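Coordinate analysis (summary)
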Amino acid sequence: AGKPTLYGSLTRRGLSSEGVPDIAASEGFVVGEVTKKSILISCPHENVSTKFLAPYTTFCRIHQKSITCLDISSGGGLGVSTSTDGTMKIWQAANGEIRRQLEGHVYDVNCCRFFPSGLVVLSGGMDAQLKIWSAEDASCVVTFKGHKGGILDTAIVDRGRNVLSCSRDGTARLWDCGKSACLGVIADCGSPVNGIAVGTADNSLNLGTPEKAPSEREIGTEGKILLLAREDKKLQGVGLQSRQPVFLFVGSDAFNCCTFLSSTYILAGTQDGNIYQLDVRNTNTPIQVVHRSGAPVLSLLQYRDGFIASQGN
């Protein structure tokens, strides 16, 4: 960051008898370990290195254009994805074979995810509608209406009796799947909410108390905190049951996404390429800020002892 970009090239000179390529790098770069599936490149002058991995499998027939969102069922058997080609499809994770096409949203579908059962899908679209689908017969079981702008992200509370959504209209809402009704506006930010995540809060955290008794239709909201990744450069934590603000962190640019690493540690990514790791008990100073490039951070996923981030480059 803040330095001129260094450019280089890699050339394949040949192939060993084992099928491993012999690769040379241009000046300033060094080729490290090379296998059939990976190449390690370093730039000693800047003391950085990157490992490039070959894809394990590639599915190129599911969508015709960019994929905007995808999820894999808890058992790993099915995938669901949405694309700028206007489609939402369910496919077999093993071979990419298309099983179902989910049709019913007007305009683009922005987000999709499986319920914990793996049999049901939740989606949100630019038509301001939230829909629940059967993965088995592609029928739309429930449609939630109430948002005034496109839905940008969703979250599922526990096993899915309640779900959450956030929108361009600046609100995050809690919904009751059984009665297909809105249980309340959890937050009204006055600025688009690009991403949300729900997690169990650390015991020491004061989540506030609800102004009125929660509906008996609210299942599993107690002790939970909702993260809001906002367009106005703010990352907010709200008590899910209390609807009370817990913290507000101001970042370097619009927040695109957020996730929990644990009940105390959270991650959030910004449009200018920063990934913030915060402790929910004290969000004044980030634990760390990761900045690999200025490309927007589009999604974050906890993985093993760390996390995976996707960027817009």
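Going by what an unreviewed UniProt entry lists, the chain is known as PAAF1 factor and is assigned to Baryphthengus martii. Word for word, the UniProt comment on the chain under Sequence similarities (unreviewed entry) is "Belongs to the WD repeat PAAF1/RPN14 family."

1. Focus on the pattern of salt bridges
This model, assessed by the stated rule, comprises seven salt bridges. Note that Arg 243 is salt-bridged to Glu 218, the shortest N-O span being 2.8 Å. Linking Arg 243 in the loop between strand 20 (234–239) and strand 21 (245–250) with Glu 218 in the loop between strand 18 (193–200) and strand 19 (224–230), this pair joins segments that are 25 residues apart in sequence. Overall, the relative accessible area of 12% leaves Glu 218 in the buried class.

2. Observations concerning the domain arrangement of the chain
Segmentation of the chain into domains returns domain 1 (10–53), domain 2 (63–145) and domain 3 (152–312). Taking only C-alpha atoms into account, the centre of domain 1 sits 38 Å from that of domain 2.

3. Digging into the nonpolar core
Membership of the largest hydrophobic core comes to 25 residues, with the highest contact counts inside it found for Val 80, Leu 102, Phe 144 and Val 163. Contributions of two or more residues to this core are made by strand 7 (78–83), strand 8 (88–92), strand 10 (109–114), strand 11 (120–125), strand 12 (129–134), strand 13 (140–145) and strand 14 (151–157). Element by element, the count of residues in this core is highest for strand 10, at four residues. Shared between two domains, this core holds at least three residues of each, these being domain 2 (63–145) and domain 3 (152–312). Not counting residues within four places of it along the chain, the set of residues in contact with Phe 144 comprises Ala 128, Gln 129, Leu 130, Ile 132, Val 163, Trp 175, Asp 176, Cys 177, Ser 180 and Ala 181. Within the second largest apolar cluster, 18 residues are counted, among which are Ala 229, Phe 249, Phe 255 and Ala 268.

4. Digging into the sheet that holds strand 18
The strand order 18-19-20-21 describes an open sheet built from four strands, whose pairing is antiparallel. Across the chains shown, the open sheet's two edge strands, defined by having one partner strand only, are strand 18 and strand 21. The mean inter-strand angle of the sheet, taken between neighbouring strand axes irrespective of direction, is 15°. Note that strand 18 and strand 19 share seven bridges and pair antiparallel. Paired with Val 193 across the two strands is Arg 230, which belongs to strand 19.

5. Structural notes on the packing of aromatic side chains
Across all of its chains, the model carries five aromatic pairs by this definition. For the pair Phe 249 and Tyr 276, a centre-to-centre distance of 5.1 Å together with 70° between the ring planes defines the contact as edge-to-face. Highlighted residues: Phe 249 in strand 21 and Tyr 276 in strand 24 (residues 274–279), separated in sequence by 27 residues. Pairing Phe 255 with Tyr 276 gives two aromatic rings, centres 5.7 Å apart and planes at 55°, and the pair type is tilted. Residue Phe 255 is located in strand 22 (residues 255–260), and its partner Tyr 276 is located in strand 24; the two are separated by 21 residues in the primary sequence. Members of the aromatic cluster, each reached through a chain of ring pairs, are Phe 249, Phe 255 and Tyr 276.

Basis of the calculations
All residue numbers here refer to positions counted from 1 along the written sequence of the relevant chain. Selection of residues for local features in this predicted model requires a pLDDT of at least 70, selection of side-chain atom pairs for listing and counting requires 80 or more, and totals for whole chains, interfaces and linings are taken over all residues. Side-chain numbers here rest on the full set of heavy atoms in the structure, without hydrogens or water. UniProt positions are given in the numbering used here, feature names are shortened, and annotations may be inferred rather than shown by experiment. Whenever Lys or Arg places a side-chain nitrogen within 4 Å of a carboxyl oxygen from Asp or Glu, that contact is recorded as a salt bridge. Strands are runs of DSSP state E lasting at least two residues, helices are runs of H or I lasting at least four, and both sets are numbered from the N terminus onward. Burial classification: accessible surface area is computed with a 1.4 Å probe over protein chains only, and a residue below 20% of its type maximum counts as buried, one above 50% as exposed, and the rest as partly exposed. For every domain, the bounds stem from an assignment made automatically or drawn from a database. By convention a nonpolar core is built from buried Ala, Val, Leu, Ile, Met, Phe, Trp, Tyr and Cys residues, the set being connected through side-chain atoms within 4.5 Å. Residues are treated as being in contact if the distance between any of their heavy atoms lies within 4.5 Å. Criterion used throughout: strands pair if DSSP finds at least two bridges between them. Interaxial angle, 0 to 180 degrees, is taken between N-to-C directions of lines fitted to C-alpha atoms, where a helix line uses only the stretch in contact. Note on aromatic pairs: the rings of Phe, Tyr and Trp (six-membered ring only in Trp) are paired at centre separations within 6.5 Å, and the planes decide the class, stacked below 30 degrees, edge-to-face beyond 60, tilted for the rest.

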